[in-house]
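# Descriptive analysis of the structure
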Amino acid sequence: FCEFDAGPLPTTFTCWNSLAPCKTAAADLGEYEDLELDEDEGPWNPDEVGEEKWFDTVGSDLFRDAGADLFLFYSQTFSENEVAIKAVDEIIDSYNEPGGWSQCFENIYAIEANIPQELDLYIPSAQEELYNWVNGPNRQFEAAFRIIQSGEWGHFDGFYLMEGDSVPIKAHWLDVVLSEIASYRPFAILGAQYDGDKWDNFYEDIPLSLLHHTNGNAIYNTSHPLMERLVGQLEVEAPCPYNSIPYDYRMSQMWVEGTLQIVPKLAPKIMLNEEGENITLSNNTAMFTKWGEMFQHEDPFRYTKVIHNYAATNLIPRHLGPEYIIHGAKLYSPWDPTRINVTLVVSEWFSDRSTHLLKTLDQKDHPFSEVIIMLPPIIAERDDYEELTVVPVRPQHRQGPDVLDLCDATVNSEWFMLTNSYHHVARHVDLMFTPGTFKPVVPFTPATYPFCFKFAYCKETVSLAQRFKAGFDKVVQDFDMLYKTEERNKFCDEWKSRFGEQGEDLYKREKHRLLTRKKIVGPTGPTATSYTSFLAREGKDGMYKLTDRSLYGARDPFIKIFYKEEKMDSYTPEELALKTALSNDNQTDCNCKAFETKESCEGSGIGCLWRERFESCHPPEMFDDGTPICPVTDAPTMAPTTYIEFDLEQTDAPTITPTRAPVVPDPWFAALFKNREHERLKLGDTEEGLEEEALRDGELQEDDDFFVDEIIDDLSARRTEDAGGSEGDADKVKESSDEEETSEEVPA
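Computed from a predicted structure; not experimentally measured.

Here the focus is helix α18 (residues 528-537). By the criterion of burial, α18 is predominantly enclosed, with 9 of the 10 residues buried. Taken together, the buried positions of α18 are occupied by Ala528, Thr529, Ser530, Tyr531, Thr532, Ser533, Phe534, Leu535 and Ala536. Those residues of α18 that are buried are in contact with α15 (456-465), β18 (474-475), β19 (483-484), α16 (485-499) and β20 (545-548). Phi turns positive one or two residues past the end of α18, at Gly539, with a value near 75 degrees.

Below, the structure written as structure tokens:
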């Protein structure tokens, strides 16, 4: 433990009283009245029992041939921190009480690494710029290894490094850990790889050494010669840029470089010295290769299912498996139908695009007690909704623009969610709530340049939200939010009073921008981001637990399945022809995430892998700098989900050439169909039209006072080349990134 977590350290031992580390302590704590240890029971062998009951057969090997001491290891110096002294004293006092978890450990010690405070650093936000941002954990690990290895405190074979966020979830976990050691030895490191799902969206971009690295919360064999070499190299690298890599990941890099000859890449800024010149690092590949040749045959990095590393992944109990100890998980409560009643509002533009959502709804694990289908006023409702799903379905004809469905849906339940007819409900809608207080857990994306401001639509979304509360810095996706109906009503009343009953005044004060840009790329109706900003201003955002999706990930509650239909529905025949001629539609149909069953995932033909724990599909790993299975994709969009073509049951959607929504003489009706996801303007060869195309292509996304002549000239040149009819020239035209303008989600 370090300076900032010294205070709460004693609380991490609280669960040890209810989940005893060993069977003997369980007897003292009253878990067993008559406990008999089987002295004839040999070391546990995972091959001799079924996978589901692996750890239930573990005997009390602890008291037969192994012993354990407990070290409370402070990164700095105790004498300089009274909080650390108080925390350790409290734990030692608990250990000295009769019975309880103390029976599982022969001794308890408080030791220190003596790292100076100014060097005990852990600054994740500076990992791209500061070479010693993780200096504290790196130096503390080296010190732990040397202290245990020295024999000063006793003769040990190794140690289990257990941070404060490693939490036992089952009793007798120490017995099981010791049995795992007996089963898997010899090894250098025994631990766990990352076993969550928050990396799945960018799985192919992750280096092999990171995918396969053993998390630092692991068991280390202090007598293994490879460990001696790895730790020695960490000590040598302390003053150089490799110190910017956490010790556990760095040891994995050394092993991958030695066995696969993949040299890791470091952040460019870290590779600069004080004069701004590039630092030349020594070539260690030959040395690491020699290590690999010496030890690869014995598989020195072993993995156990007793410990699971989730690395700050949000979970509910259904995601847990046979593990005894979880590291880095944020465990929340699942949806409780007796406490939370949720309606699903579906925006529809036809009569039956939502048919697939309704037909498959009963096959899904979802919380919805009613579905509201928001229909255009001239589209007749179906008369067979009850044949599609057992969930009650209520059609409602919208009386305003479709972008106001969030506000205009007549919801009777306390809570509701929003999607549209181009999606269906995910296999599991994992709504999460805080234990005890039962606040909904809602993911947000930080409103920063990398995650938001470099995308025009997202930037405008935040700007509009800040009209409710200045400085609001979170982006919440419309389809992720669990709206509270009462607060939605108050928000929408204010939104309409500010921006007009149909949002006609939303950009009224942006006339100077419209004169420059002709068109603003941004929302045309209320958003979940503005709703959250409104609540923050009113001091009511505390009704939610907002979690950073860039840190903890998020799972899509809805999957987009009609991606191409969504695009085609927005075009007239002329626009569709122009779009085809002027762009290469590089949307690929190979996103593993859209496969929702093990059979379809593993049978995809593109190498997708099924993640049993989360019942989700993800891409295969690949060598660093390799080619992804989907090498070309659309530009990042705000779309809340991803797409892959399915073999779906045919619907009754119109089969004629796709057109815009019906046009009626009344201009008020015309406004109903100018949907934020569908609106497309036919662009001419005028300068204004080319400038708008540049905006859609994502080439003009910066601040108001930008210079457009160069891009307009470039687009004019491209269109001139296309006019020649050359197929080769047409292939060179950059696809218009229409999702930048029209979609609904922030890339994370």
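Past the structure itself, the notes keep going.
Reading across from one edge, β18-β17-β20 is the order of the 3 strands in this open sheet, with mixed pairing throughout. At either end of the open sheet lies a strand with only one pairing partner, and these are β18 and β20. Of the strand pairs in this sheet, strand β17 (residues 441-446) and β20 are connected by 4 bridges, and their pairing is parallel. Among the inter-strand pairings, Val441 is bridged to a residue of β20, identified as Lys545.

In a structure, side chains of opposite charge can pair up when their charged atoms sit close to one another. Summed over the entire model, instances satisfying the criterion amount to 25 salt bridges. Residue Lys269 pairs with Glu129 through a salt bridge whose shortest N-O separation is 3.6 Å. Residue Lys269 is located in the loop between α9 (247-260) and α10 (285-295), and its partner Glu129 is located in the loop between β2 (108-112) and α5 (135-150); the two are separated by 140 residues in the primary sequence. On the accessibility criterion, Lys269 (53% relative accessible area) is exposed. Between Arg318 and Glu615 there is a salt bridge; the shortest N-O distance is 3.5 Å. Here Glu615 lies in the loop between β22 (609-611) and β23 (616-618) and Arg318 lies in the loop between β8 (307-315) and β9 (325-331), a separation of 297 residues in the sequence.

Another aspect to go through is the packing of α9 against α10. Orientation of α9 relative to α10, taken along the N-to-C sense of each, is 85 degrees, at an axis distance of 7 Å. The orientation of α9 with respect to α10, classified from their angle, is roughly perpendicular. Here Arg250, Met254, Trp255, Glu257, Gly258 and Thr259 of α9 lie close against α10, whose contacting residues are Thr285, Phe288, Thr289, Trp291, Gly292 and Phe295. Looking at the contact of α9 with α10, its residues break down into 5 nonpolar, 5 polar and 2 charged.

Applying the stated criterion across every chain yields a total of 9 cavities of 30 Å³ or more. When its volume is computed, the largest cavity comes out at roughly 270 Å³. Contributing to the lining of the largest cavity are 18 residues, with Asp430, Leu431, Val441, Pro443 and Arg555 lying nearest its centre. Ranked by the residues each element gives to the lining of the largest cavity, the list is headed by β17, at 3 residues.

In total, this model carries 35 aromatic pairs according to the counting rule given. Feature note: the residues Trp415, Phe416, Phe468, Tyr483, Phe491, Trp495, Phe499, Tyr531, Phe534 and Tyr544 constitute an aromatic cluster, connected by ring pairs. The ring of Tyr242 has Arg250 sitting right over it, with the charged end atom 3.8 Å from the ring centre. Over the ring of Phe562 we find Arg353, and its NZ or CZ is 5.4 Å from the ring centre.

Soluble globular proteins tend to bury their nonpolar side chains together. Judged by nonpolar contacts, the single largest core of 58 residues is most densely connected at Leu344, Val371 and Tyr544. In this view, Val371 contacts Leu344, Val346, Leu358, Leu361, Val391, Pro392, Val393 and Arg394; residues no more than four positions away in its chain are not counted. The next biggest cluster of nonpolar side chains, apart from the first, holds 36 residues, and it includes Ala6, Trp101, Leu174 and Phe187.

On to a negative patch on the surface, then. Together, Asp89, Glu90, Asp93 and Glu97 make up a negatively charged patch on the protein surface. By the element assignment, Asp93 lies in helix α4 (residues 82-96).

Our focus in this paragraph is the state of the cysteines. Summed over all chains, the structure comprises 5 disulfides. The disulfide partner of Cys592 is Cys608, and the S-S distance across this bridge is 1.9 Å. Disulfide Cys592-Cys608: torsion about the S-S bond near -80 degrees, hence left-handed. You can see Cys592 sitting in the loop between α21 (573-582) and α22 (598-602) and its partner Cys608 sitting in the loop between α22 and β22, a full 16 residues away along the chain. Both residues of the pair, Cys592 and Cys608, belong to the buried class. Sulfur-sulfur distance for the disulfide between Cys601 and Cys617 comes to 2.1 Å. The sign of the 80 degrees torsion about the S-S bond sets the Cys601-Cys617 disulfide as right-handed. Of the two residues, Cys601 is situated in helix α22 and Cys617 in strand β23; the sequence distance between them amounts to 16 residues. A relative accessible area of 3% means that Cys617 is categorised as buried.

So, about the packing of helix α8 (residues 225-236) against α10. At a closest axis distance of 11 Å, the pairing of α8 and α10 adopts a crossing angle of 165 degrees. On the basis of the axis angle, α8 is roughly antiparallel to α10. By crossing handedness, the relation of α8 to α10 is classed as left-handed. Two secondary-structure elements touch here, α8 through Pro225, Leu226, Arg229, Leu230 and Gln233 and α10 through Met287, Phe288, Trp291, Met294 and Phe295. Within the contact of α8 with α10, the residues separate by chemical class into 8 nonpolar, 1 polar and 1 charged.

Rules and cut-offs
Residues numbered from 1 in each chain as written. Predicted model: local features only at pLDDT ≥ 70, side-chain atom pairs only at ≥ 80, totals over all residues. Heavy atoms only, no water. Buried < 20%, exposed > 50% of the residue type's maximum accessible area, 1.4 Å probe, protein only. Helix = DSSP H or I, 4+ residues; strand = E, 2+ residues; numbered from the N terminus. Contact = heavy atoms within 4.5 Å. Pairing = 2+ DSSP bridges. Salt bridge = Lys/Arg side-chain N within 4 Å of Asp/Glu carboxyl O. Axes fitted to C-alpha atoms, helices over the stretch in contact; angles between N-to-C directions. Parallel < 35°, antiparallel > 145°, perpendicular 65-115°, else oblique. Nonpolar A, V, L, I, M, F, W, Y, C, P; charged D, E, K, R; others polar. 1 Å grid on protein atoms, 1.4 Å probe; cavity = no way out; pocket = protein on both sides within 12 Å on 5 of 7 lines; lining within 4 Å. Points joined across faces, edges and corners; volume = space filled by probe spheres on them. Phe/Tyr/Trp six-rings, centres within 6.5 Å; stacked < 30°, edge-to-face > 60°. Lys NZ or Arg CZ within 6 Å of the ring centre and 35° of its normal. Core = buried A, V, L, I, M, F, W, Y, C linked by side-chain atoms within 4.5 Å. Patch = residues over 30% accessible without salt bridge, like charges linked within 9 Å, V, L, I, M, F, W, Y side chains within 5 Å. Areas by Shrake-Rupley, 256 points an atom, 1.4 Å probe, with all protein chains shown as cover. Lys, Arg positive; Asp, Glu negative; His and termini not counted. Charge placed at Lys NZ, Arg CZ, Asp CG, Glu CD. Disulfide = S-S within 2.5 Å. Left-handed = near helix turned anticlockwise from the far one by under 90°.

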